[in-house]
Amino acid sequence: MGDQTEELLREIAAKHGLAVSRDDPILVLQTINSRLLQDGAKAQQAQLDRFKEEMEALSQRWSMDARGKAERILDAALAAARETMDGAMQEGGAQAARAARREIDGALQQLAASVRAAHAVALLNIAAGCLAILAAAVALWTVLR
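Analysis parameters
Residues numbered from 1 in each chain as written. Predicted model: local features only at pLDDT ≥ 70, side-chain atom pairs only at ≥ 80, totals over all residues. Heavy atoms only, no water. Core = buried A, V, L, I, M, F, W, Y, C linked by side-chain atoms within 4.5 Å. Buried < 20%, exposed > 50% of the residue type's maximum accessible area, 1.4 Å probe, protein only. Helix = DSSP H or I, 4+ residues; strand = E, 2+ residues; numbered from the N terminus. Contact = heavy atoms within 4.5 Å. Salt bridge = Lys/Arg side-chain N within 4 Å of Asp/Glu carboxyl O.

Asks: What am I meant to see in the nonpolar core here?
Replies: Considering soluble globular proteins, one finds that nonpolar side chains tend to be buried as a cluster. Core analysis: the biggest nonpolar cluster contains five residues, these being Leu8, Leu9, Ile12, Val20 and Leu27. Examining the composition of this core, we find that three residues originate from one element, helix α1 (residues 2-16), more than from any other. Leaving out residues up to four positions away in the same chain, Ile12 has contacts with Gly17, Leu18, Val20 and Ile26.

Structure below.
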């Protein structure tokens, strides 16, 4: 503080050509102004610190809000994707079942055609067997007669 006073006294003497003593009201006023500036700077720093804390708290709250919203969006997207996959799997399963049904129906039709042909052959064999028995009976009847 003494250096500032000495410097002020030299500056007043250099600029204005006046010699000011240490108990001069101008120095008292300068001291008061200096003190007011220091107090104001401290008050501003305190306000800046509070503002910084408030901004940090606000930033943290916004970050948490954003994280919460992002989680809700991701959950909704996952649910939608899950529903889409379930629908696709059900549709794929239904298509596979239809394709299997067509294959089985085609195989059953071929099998039914084979069974019908075997049935016709069996009927012809029965008819041929009946004719053979009839022929044997006629031959036996002619021999015995």
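There is more to say after this.
Asks: Would you explain the pattern of salt bridges in this entry?
Replies: Proximity of charged atoms lets side chains of opposite charge pair with each other. Per the counting criterion, the structure on display carries two salt bridges. As a salt-bridge pair, Asp39 and Arg35 come within 3.5 Å of each other at their nearest N and O atoms. A residue pair is termed a helical-turn pair when its members lie 3 or 4 positions apart in one helix, as Asp39 and Arg35 do in helix α2 (residues 25-144) at four residues. Judged by its relative accessible area of 35%, Asp39 is partly exposed. The class of Arg35 is exposed, set by a relative accessible area of 51%. Among the ionic pairs, Glu91 bridges to Arg98, the shortest N-O distance being 3.4 Å. Accessibility expressed as a relative area gives 41% for Glu91, which makes it partly exposed. Look at Arg98 and you get partly exposed, because its relative accessible area is 42%.

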